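Chain by chain, the residues:
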Amino acid sequence: MTTTSTAPRTESVVAQRPPGRDPRVWRRFSWPFVRRNLVGSAATLLFILVVNFFLFRVINPHPERTLARGRATNAEQIAEISHRLGLDQPLHIQFLTYLKNIFTGDLGVSFKYNQPVAQLILERLGPTLALVGTSTLLSVLLGLWIGSRAAWNRGGRFDRSTSVLSVIVYAMPEWWLGLLLFMVFAAGIGPITGIFPIGGLHSQAVDPWSISGIADTVWHLVLPVTTLTLAYVAEYSIIMRSSMLDVMGQDYLQTARAKGLTEDQVLRRHAMPNAMLPVTTLISLDLAFAVGGAITVETVFSIPGLGLLTTEALRIPDIPLLQGSFLVFSAAVVLANLVANFLYALQDPRVKS
């Protein structure tokens, strides 16, 4: 009787399995791994809700007096404002009401605009997403290309020049860089005449949904997008260069060269995918933090987004609007961190352990 070994058959099956259908990849998304990340994100959001409620009560414990400031009001009118806003209730009742409203999608009514906060945020979300999304995409593509090329040709002219420029641009505050671009290319300085709009998202006499209106909106976004792109491209190039230098000494790159691959193929197929591991988290988090960074840029260029809305809410202060904006910014960071954890698990199987 002949005994047949099953080892070659197993190896053959594994070798013939399509790489995109390897079940080991999806094991990294086991329920304990997903549950741990979801519970952690939910706990973080709950903590943010608590801080979001009490922080603005500490900053301005009597918002009804702020609303009545500059008006001929008496104590009865102030008490009526406090009752209408629910500020005359005990603090724990206000907190429970706040949590109930949050989970039902009610972010309150703005003191300044007398409109639902959720509606105001949705109206201003589009310009912010256009600004942040475009600048993040451009900064990621440019930063990864600059960082990988600089590390691959370490010590060369391109590496030295881009490293110095990256450090200089990275040290510039976003609002200061925006003001420089605004003064030179919008307002004009000396012999240089301004070629870009002074501010706003589009011209008043143009239909924003027409072809000419879309082109006009793009023209208005050139300087703000350039500001945010320059602010973040330096960070990506610095991190990518450092990560590439760590990868370049690995043995598998020498093996790839021994197989006859060109230097560009070794860079694209082997070096960059592994160097992207630390950059993945940075991209996800910067996408969320760029929303907060858009506050100063939108203020400088008068872009009617969430950043400018938050700046206007700080002047009163408009507590419901500030709470809603802070919640949106914080939730964006938590969501981006959750996505980054899942993406990291796809790239590196060691993350699960």
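Note that the structure is predicted; figures quoted are calculated from it, not measured.

Caption draft 1: Quick look at the overall build of the chain. Along the chain, the regular secondary structure elements total 14 helices and zero strands. Listing the helices and strands of the chain from first to last along the sequence gives α-α-α-α-α-α-α-α-α-α-α-α-α-α. Expressed as a percentage of the 353 residues in the chain, the buried residues total 39%. Here the contacts in the chain between residues at least 6 apart in sequence split such that 72% fall between residues at least 24 apart. For the chain, the exposed area adds up to about 20400 Å²; of that, 65% sits on carbon and sulfur atoms.

Caption draft 2: Quick peek at the packing of helix α7 (residues 117-152) against helix α8 (residues 157-170). Contact pair α7 / α8: the axes reach a minimum separation of 8 Å and the direction vectors enclose 135 degrees. Accordingly, the angle class assigned to the pair α7 and α8 is oblique. Two packed elements cross with a definite hand, and for α7 against α8 that hand is left-handed. Of the residues in α8, those touching α7 at Trp 145, Ile 146, Arg 149 and Ala 150 are Phe 158, Asp 159 and Thr 162. Considered class by class, the residues forming the contact of α7 with α8 number four nonpolar, one polar and two charged.

Caption draft 3: Seen up close, the packing of aromatic side chains. This model, assessed by the stated rule, comprises seven aromatic pairs. Where Phe 53 meets Phe 54, the ring centres are 4.9 Å apart and the plane angle is 90 degrees; that geometry is what we call edge-to-face. Overall, Phe 53 belongs to the buried group, its relative accessible area being 0%.

Caption draft 4: Looking closely at the environment of Ala 275. Among the structural elements, Ala 275 can be located in helix α12 (residues 263-301). Separated by 36 residues in sequence, Ala 275 and Ile 239 have C-alpha atoms that sit 9.5 Å apart. Dropping the residues within four chain positions of it, Ala 275 is found in contact with Met 240, Ser 243, Met 244 and Val 247.

Caption draft 5: Examining unusual backbone geometry more closely. Positive phi is not limited to glycine here, since Asn 114 has a value of about 55 degrees. With respect to the secondary-structure elements, Asn 114 resides in the loop between α6 (91-103) and α7. Not every positive phi belongs to a glycine, and Ser 302 is a case in point at roughly 55 degrees. Residue placement: Ser 302 occurs in the loop between α12 and α13 (306-314).

Caption draft 6: Expanded view of the pattern of salt bridges. As enumerated under the stated definition, the model contains three salt bridges in all. In this structure, Arg 149 and Asp 264 form a salt bridge, with 3.5 Å as the shortest nitrogen-oxygen distance. Of this pair, Arg 149 sits in helix α7 while Asp 264 sits in helix α12, placing them 115 residues apart in sequence. Judged by relative accessible area, Arg 149 falls into the partly exposed class, the value being 26%. The closest approach of N and O atoms between Asp 159 and Arg 241, which form a salt bridge, is 2.7 Å. Of this pair, Asp 159 sits in helix α8 while Arg 241 sits in helix α10 (residues 211-247), and the two are 82 residues apart along the sequence. Note on Asp 159: relative accessible area 4%, which makes it buried. The partly exposed category is assigned to Arg 241, whose relative accessible area is 23%.

Caption draft 7: Looking closely at the environment of Pro 127. For Pro 127, the location among the structural elements is in helix α7. Among the residues examined, Pro 127 registers a relative accessible area of 11% and is labelled buried. Spatially, the C-alpha atoms of Pro 127 and Gly 305 are 5.2 Å apart, while their sequence positions differ by 178 residues. For Pro 127, the residues in contact, after removing those within four places along its chain, are Leu 201, Ile 303, Pro 304 and Gly 305.

Caption draft 8: A look at the nonpolar core. In this structure, Met 240, Met 244, Ala 271 and Phe 301 are the most contacted members of the largest nonpolar core, which totals 37 residues. Counting residues per element, the ones that place at least two in this core are α7, α9 (174-187), α10, α11 (251-258) and α12. Contacts of Met 240, omitting those with residues within four sequence positions, involve Gly 143, Leu 144, Gly 147, Ser 148, Met 272, Ala 275, Met 276 and Val 279.

Caption draft 9: Local environment of the packing of α7 against α10. Between α7 and α10, whose axes approach to 6 Å, the crossing angle comes to 35 degrees. Crossing hand, α7 versus α10: right-handed.

Caption draft 10: Representation of the side chain of Asn 52 within the structure. With respect to the element layout, Asn 52 can be found in helix α3 (residues 31-59). For Asn 52, a relative accessible area of 0% translates into the label buried. Of note is the side chain of Asn 52, whose polar atom sits 2.9 Å from the backbone oxygen of Gln 323. If we skip the residues at most four places from it in the chain, Asn 52 touches Tyr 98, Gln 323, Phe 326 and Leu 327.

Conventions used here
- Residues numbered from 1 in each chain as written.
- Predicted model: local features only at pLDDT ≥ 70, side-chain atom pairs only at ≥ 80, totals over all residues.
- Heavy atoms only, no water.
- Helix = DSSP H or I, 4+ residues; strand = E, 2+ residues; numbered from the N terminus.
- Buried < 20%, exposed > 50% of the residue type's maximum accessible area, 1.4 Å probe, protein only.
- Contact = heavy atoms within 4.5 Å.
- Areas by Shrake-Rupley, 256 points an atom, 1.4 Å probe, with all protein chains shown as cover.
- Axes fitted to C-alpha atoms, helices over the stretch in contact; angles between N-to-C directions.
- Parallel < 35°, antiparallel > 145°, perpendicular 65-115°, else oblique.
- Left-handed = near helix turned anticlockwise from the far one by under 90°.
- Nonpolar A, V, L, I, M, F, W, Y, C, P; charged D, E, K, R; others polar.
- Phe/Tyr/Trp six-rings, centres within 6.5 Å; stacked < 30°, edge-to-face > 60°.
- Salt bridge = Lys/Arg side-chain N within 4 Å of Asp/Glu carboxyl O.
- Core = buried A, V, L, I, M, F, W, Y, C linked by side-chain atoms within 4.5 Å.
- Polar contact = N/O pair within 3.5 Å; in protein donor to acceptor, adjacent residues only side chain to side chain.

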